[in-house]
Structures are given as structure tokens and as C-alpha cells.
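Structural features, examined
Take a look at the letters that make up each chain.
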Amino acid sequence: MINEKLLIEKAFEAQKFSYAPYSGFNVGAALLGTNGKIYEGCNIENASFTPTNCAERTAFFKAVSEGQLEFSAIVIVGNKSGVKQGEGEYCAPCGVCRQVMSEFCDPDTFKIYLAKSVDDYKVYTLKEILPLGFTSKDLK
Ligand code: THU
């Protein structure tokens, strides 16, 4: 069972650390490993723009760098600074982050929650948001 509310709260906690002086768009992610651990991430921007890392990838790279390679779900929260919880739009992951998810996650079972608040969220499978993905299977 996934504790959705806890995972959403953790994503909002991570969002507080968002470093986004250029876009002013603050993103937080909470990634649930199959080990039960939650890995939090925020977006980290850079004056040179290209090195910017999304919140989702920060969470994945933290987990993988600590030896966790299997995951059940991720919550993503994101908005321009100043937007209150429950307002604004759902923040969907960019294409690069979807590709990173596809490296480690089962497309049929991995769940992606897009949350505006603990009570307002939508859920998708990875397959729904990344159909026809290119994965390690294609290299065999
Ligand atoms: N961003 C994320 O962290 N995750 C997403 O899903 C969408 C975009 C970040 C990257 C950049 O720091 C800012 O949001 C604006 O694109």
C-alpha cells in the first residue's frame, strides 16, 4: 500500500529546497523505493542553464547513488513561486525525466502522482505518460 498523503507531504517538503533563481518555478519530488524509503528531490538550476537538474531526476539520482534501483511511485509538485498549495496547475514531468523513470521503473505498475495538495492529485502509470519508450530491452 502506498501512503499517498505522506508521499505528497514529502514532495512539498522537498519543494522548499528548490533552487530556481532563473525560472522562479519551484518543483519538489518524493520517490518511493521498493525498500520503503522515500527519496526527496528538488530542481537545481544553474546560471549556464543546461546543467539544470529537475526535481524528479535529483530524487532518482540520490536513490540510485545509494544503491536503490527499484521504485513504486513518485509524487511531483511544482508551481511558480508565490502560488498557494491547491492552486495553479498539476506539474507533469519533462521528457528527460520520463526517460530516466523508464530506465528503472516498470511501465505498467510505476505510479506518477501529480499533486496540487494532499487532497488534490492525479495518478498515472509510466506507460500512460511514456508510450512507445526506448528502453534497455531495445538494445538486446
Ligand atoms: N522542472 C522540474 O524540476 N521538473 C519538472 O517536471 C518540470 C520542470 C524544473 C526545471 C527548471 O528548474 C524549472 O522547473 C523550469 O523549467
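What you are looking at is a predicted structure, and each value in this text was computed from that prediction instead of being measured. The numbering scheme is per chain: residues are counted from 1 as the chain's sequence reads. The predicted origin of the model limits local features to residues at a pLDDT of at least 70 and limits the giving and counting of side-chain atom pairs to 80 or more, whereas totals for whole chains, interfaces and linings rest on all residues. To obtain the side-chain values, all non-hydrogen atoms of the structure were included, while hydrogens and water were left out.

**With respect to the overall build of the protein chain**
For clarity, the cut-off: Helix numbering and strand numbering both begin at the N terminus, where a helix is a DSSP run of H or I of at least 4 residues and a strand a DSSP run of E of at least 2. In this scheme, a residue with accessible area under 20% of its type's maximum is buried, one over 50% is exposed, and one in between is partly exposed, where area comes from a 1.4 Å probe on protein chains only. When checking whether two residues touch, look at their non-hydrogen atoms; a contact exists if any pair is within 4.5 Å. Methods summary: accessible areas were calculated by the Shrake-Rupley approach with a probe of 1.4 Å, and residue burial reflects only the protein chains presented. Charge convention: Lys and Arg are scored as positive, Asp and Glu as negative, and His as well as the terminal groups of each chain are ignored. Each charge is placed at NZ for Lys, CZ for Arg, CG for Asp and CD for Glu.
Of regular secondary structure, the protein chain possesses 4 helices and 5 strands. Counted from the first residue to the last, the protein chain has its helices and strands arranged as α-β-β-α-β-α-β-β-α. Along the first, second and third principal axes, the C-alpha atoms of the protein chain reach 45 × 40 × 30 Å. The buried share of the protein chain, taken over its 140 residues, is 41%. Taking contacts inside the protein chain between residues at least 6 apart in sequence as the whole, the part at least 24 apart equals 62%. Of the roughly 7800 Å² of accessible surface on the protein chain, 55% is carried by carbon and sulfur atoms. Placing the 15 positive and 17 negative side-chain charges of the protein chain at their respective mean positions leaves the two points 1 Å apart.

**Some points on the pattern of salt bridges**
Between side chains of opposite charge, a pair can form when the charged atoms approach closely. Where we set the bar: We define a salt bridge as a contact between a side-chain nitrogen of Lys or Arg and a carboxyl oxygen of Asp or Glu at a distance within 4 Å.
Taken as a whole, this structure holds 2 salt bridges when the rule is applied. Ionic pairing is found between Lys5 and Asp119, a salt bridge with its closest N-O pair at 3.2 Å. Here Lys5 is found in helix α1 (residues 4-15), whereas its partner Asp119 is found in the loop between β4 (111-117) and β5 (120-125), with 114 residues between them in sequence. Here Lys5 falls in the partly exposed class, since its relative accessible area comes to 43%. As a salt-bridge pair, Asp108 and Lys127 come within 3.5 Å of each other at their nearest N and O atoms. Of this pair, Asp108 sits in the loop between α3 (95-104) and β4 while Lys127 sits in helix α4 (residues 126-129), placing them 19 residues apart in sequence. The exposure class of Asp108 is partly exposed, given its relative accessible area of 48%.

**Structural notes on empty space enclosed by the protein**
The test is simple: A cavity, in this analysis, means grid points on a 1 Å lattice covering only the protein atoms where a 1.4 Å probe fits yet has no way out; a pocket is instead an open set bounded by protein on both sides within 12 Å along at least five of seven lines, and a residue lines either one if it has an atom within 4 Å of a point. Grid points are joined across faces, edges and corners, and a volume is the space filled by probe spheres set on the points. Each residue gets one of three labels, nonpolar for Ala, Val, Leu, Ile, Met, Phe, Trp, Tyr, Cys and Pro, charged for Asp, Glu, Lys and Arg, and polar for the others, Gly among them.
For the structure shown, the criterion picks out 1 cavity of 30 Å³ or more. Taken as a whole, the largest cavity spans an internal volume of roughly 60 Å³. Forming the boundary of the largest cavity are Phe12, Val77, Gly78, Asn79, Lys84, Gln85, Gly86, Glu87, Glu89, Ala115 and Lys116. Counting residues per element, the ones that place at least two in the lining of the largest cavity are β3 (71-80) and β4. No other element matches the 3 residues that β3 contributes to the lining of the largest cavity. Partitioning the lining of the largest cavity into residue classes produces 3 nonpolar, 4 polar and 4 charged.

**A word on the UniProt feature "binding site: Zn(2+)" (unreviewed entry) in the protein chain**
So the rule is basically this: UniProt positions are given in the numbering used here, feature names are shortened, and annotations may be inferred rather than shown by experiment.
As annotated in UniProt, the feature "binding site: Zn(2+)" (unreviewed entry) corresponds to Cys54, Cys94 and Cys97 in the numbering used here. For this annotated set, covering 44 residues, all C-alpha atoms fall within 8.4 Å of each other, a compact arrangement in space. As for the second largest pocket, its lining draws on Cys54 and Cys94 from among the annotated residues. Looking at where Cys54 falls in the secondary structure, it is placed in the loop between β2 (38-42) and α2 (55-65). Excluding anything up to four places from it in sequence, Cys54 contacts Cys42, Asn43, Cys94 and Cys97. Tracing the sequence through the fold places Cys94 in the loop between β3 and α3. The exposure class assigned to Cys94 is partly exposed, which follows from its relative accessible area of 30%. Excluding its chain neighbours within four sequence positions, the residues that come into contact with Cys94 are Cys54, Glu56 and Arg57.

**A short note on the site of the ligand**
Filter applied, for reference: For this description, a residue counts as near a given molecule or strand if any of its non-hydrogen atoms is within 4 Å of it. Polar contacts, as used here, are pairs of N or O atoms within 3.5 Å; protein pairs need one atom able to donate a hydrogen and one able to accept it. Residues neighboring in sequence count only if both atoms are side-chain atoms. A cavity or pocket is said to hold a molecule if more than half of that molecule's atoms lie within 2 Å of its grid points.
For the ligand, the set of nearby residues contains 13 residues, the closest of which are Asn43, Glu45, Cys54, Ala55 and Glu56. Between the ligand and Ala55 there is a distance of 2.9 Å, counted from an oxygen atom to a backbone nitrogen or oxygen. Ala92 places a main-chain nitrogen or oxygen 3.2 Å from an oxygen atom of the ligand. Here the ligand, which alone exposes 370 Å², has 79% of that area covered by the protein. More than half of the atoms belonging to the ligand lie within 2 Å of the grid points that define the second largest pocket.

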